[in-house]
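If you want the building blocks of each chain, they are given just below.
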Amino acid sequence: MSVKEKATAPVPSVGADGKQSLCKTNKESIADLPDKGNLQATNNRGSGAEVTAEKRDRIDGLETVSMTELYDTAYPPKIPIVDGLIYAGTYLFVGAPKVGKSFFMAQLGYHVSMGLDLWDYPVRKGTVLYLALEDDYARLQKRLSRMFGMECSENFYFATQSKTLNEGLEEQLNQFVKVHTDARLIIIDTLQKVREVGGDKFSYASDYEIVTKLKAFSDKHGICLLVVHHTRKMESSDSFDMISGTNGLLGAADGAFVMQKEKRTDNKAVLEVAGRDQQDQRLLLDFDREQCVWKLTKAETELWKEPADPVLEAIVKVVSEEQPQWSGTASELLQLLPEMDMQPNVLTRKLNVGAERLFVDYGIRYASSRGHSGRMIKLELIKE
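Residues numbered from 1 in each chain as written. Predicted model: local features only at pLDDT ≥ 70, side-chain atom pairs only at ≥ 80, totals over all residues. Heavy atoms only, no water.

(A) Examining the overall build of the protein chain more closely. Looking only at helices and strands, one finds eleven helices and 17 strands in the protein chain. A total of 384 residues make up the protein chain; the buried ones form 48% of that total. As displayed, the protein chain offers around 19400 Å² of accessible surface, 50% of which is attributable to carbon and sulfur atoms. (Helix = DSSP H or I, 4+ residues; strand = E, 2+ residues; numbered from the N terminus. Buried < 20%, exposed > 50% of the residue type's maximum accessible area, 1.4 Å probe, protein only. Areas by Shrake-Rupley, 256 points an atom, 1.4 Å probe, with all protein chains shown as cover.)

(B) The environment of Glu-321, seen in detail. Within the secondary structure, Glu-321 sits in the loop between helix H9 (310-315) and strand S15 (325-328). Among the residues examined, Glu-321 registers a relative accessible area of 52% and is labelled exposed. Put simply, Glu-321 and Leu-381 are 60 residues apart on the chain and 7.6 Å apart in space, counted from C-alpha to C-alpha.

(C) Spatial organisation of the environment of Pro-310. With respect to the element layout, Pro-310 can be found in helix H9. A residue is classified by how much of its surface remains accessible, and Pro-310, at 53% relative accessible area, is exposed.

(D) Main features of the pairing of S15. Only one face of S15 is buried, namely the one carrying Trp-326 and Gly-328, since none of Gln-325 and Ser-327 on the opposite face is buried. In the sheet, S15 pairs with strand S17 (residues 374-381) via four bridges, with the strands oriented antiparallel. What sits directly across from Trp-326, in S17, is Leu-379. (Pairing = 2+ DSSP bridges.)

(E) Expanded view of helix H5 (residues 169-179). Among the residues making up H5, those that are buried are Leu-169, Leu-173, Asn-174, Phe-176 and Val-177. Burial along H5 is one-sided: seen end-on, the buried residues are contained in an arc of 160°. For H5, the exposed residues set more than 90 degrees away from the buried face come down to Lys-178 and Val-179. (Arc of directions from axis to C-beta.)

(F) Quick look at the sheet that holds strand S16 (residues 364-371). On the basis of which strands lie adjacent, the open sheet formed by three strands has the order S15-S17-S16 and antiparallel pairing. Each edge of the open sheet carries a strand with a single partner, namely S15 and S16. Averaged over all neighbouring strand pairs, the angle between strand axes comes to 15°, with direction disregarded. Sitting on the sheet, helix H11 (residues 344-362) touches S16 and S17, and the angle it makes with S16 is about 150°. (Axes fitted to C-alpha atoms, helices over the stretch in contact; angles between N-to-C directions. Contact = heavy atoms within 4.5 Å.)

(G) Seen up close, unusual backbone geometry. Residues Asp-189 and Thr-190 are joined by a peptide bond in cis, for which omega reads 25°. Inspection of the secondary structure puts Thr-190 in the loop between strand S9 (183-189) and helix H6 (191-194). The phi dihedral of Lys-98 is positive, around 65°, even though this residue is not glycine. Along the chain, the position of Lys-98 falls in the loop between strand S6 (89-95) and helix H3 (101-114). Non-glycine residue Trp-119 carries a positive phi angle of around 60°. Here Trp-119 is to be found in the loop between H3 and strand S7 (127-132).

The values reported here are purely geometric and, on their own, carry no functional implication.
Spelled out as C-alpha cells, the structure:
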C-alpha cells in the first residue's frame with residue numbers, strides 16, 4: 001500500500017493472553033465498559049454447564065474452561081490505541097542508540113494525547129505518561145517545542161525519574177492511572193532504567209519475568225505500555241533477533257517494533273511491526289530534521305481486512321443515531337433480524353465472539369446479563 005508522504009505535526013501473564021477472569025455474575029459488566037476496555041469477563045453459561053469452585057479444586061488447582069464456556073462468555077474487547085498499529089498490552093520499541101526512538105516516542109505520545117491521526121492510522125484520544133528516564137526536563141522542553149511549536153497538550157505528562165520494578169514502579173503507575181482514569185498509553189524509556197537492581201546477568205527466565213510483570217499491569221488497566229529498548233550489535237537477517245537480551249523479552253510481550261537505519265546519519269528508517277493483535281507490517285519512514293518528526297513514505301504490507309460478518313452487519317441496523325440503545329432477549333432481537341436464521345443461543349454466542357469487533361469497528365457496546373426474566377442483551381451506540 002503506497003501512501004502519500006504525510007507529516008504528523010499538529011494542526012495549529014501466564015500464557016499468551018495472561019490469566020483470564022471467569023467470574024460468574026448477575027450484573028452487567030460490559031455495559032459499563034470504559035473506552036479503554038477495562039472490565040471483567042461476563043460468563044453466560046447456563047446452570048447445566050456451571051463448574052463450581054469445589055469441582056475445580058478437585059483438579060488440584062488447575063482451572064479449566066470448556067469450549068461451551070468459552071463461547072458462552074463475553075470477554076473484554078481489546079481496544080486499539082492506534083488502529084492497526086498499537087493495542088492495549090505491553091510492547092517493545094527497539095532500535096540502536098540515537099536512531100530516533102525518543103523523537104518517535106514524543107510524536108506518538110503527542111498524537112494519542114491530542115487524538116490526532118498518526119499518518120493514516122486513526123488514534124483514540126487519552127492521557128499519556130512518558131517516563132523519559134534518560135532525559136531531563138530542559139532537554140524535553142527544547143525537543144517538544146521544536147517538534148510541536150507552542151501547541152500544548154494538557155493530557156501529556158512526563159517524568160524523568162521513577163522507581164525500578166522491585167522498588168515500587170508498579171505502585172507509582174497504579175497511582176497515575178487511578179488519578180488519570182482515561183490513561184491509554186505509558187511509555188517507559190528505557191527498559192534498562194526500570195530493571196531490578198542487581199540484575200546484571202539476564203537469563204531467559206528473568207527477561208520473561210520482567211515483561212510479564214509489565215504485561216500484568218497493562219492487562220489489568222486495559223492500557224498500552226510501550227517499553228523502549230536497544231538492539232544488540234550483532235547483525236541478523238531477522239530484525240526481531242536483534243533485540244538485546246534473550247528471546248524471553250519478545251516471548252512475553254504482546255508485540256514489538258524494530259526501528260533500523262542503514263547509517264545512523266540517514267534520514268530514512270525502516271520500522272518493522274509484529275504482534276499478537278495486528279498484522280506484521282514494514283513501514284518506510286523519513287525523518288524531517290527541521291521539525292524533528294517522522295513521516296510515513298510507504299507501507300509495504302497491505303493490511304488484511306476481515307470480511308464482513310452478516311450478524312454484526314445486521315446488528316448495526318438495530319442501533320442508530322435515532323435509536324442509540326436497545327435491550328431485550330435474544331429471541332426479541334431475532335425478530336428484528338428476519339434475515340438471520342438461527343437459534344437464540346447461537347445468536348448470543350455469535351455476539352459474545354464478535355463483541356470486540358462490534359465495539360471497535362462499529363462503535364456498539366454489547367452486554368449480556370441474567371435477570372428475573374432470563375438473559376438480557378443490551379446494545380448501545382458509543383460516541384467517542
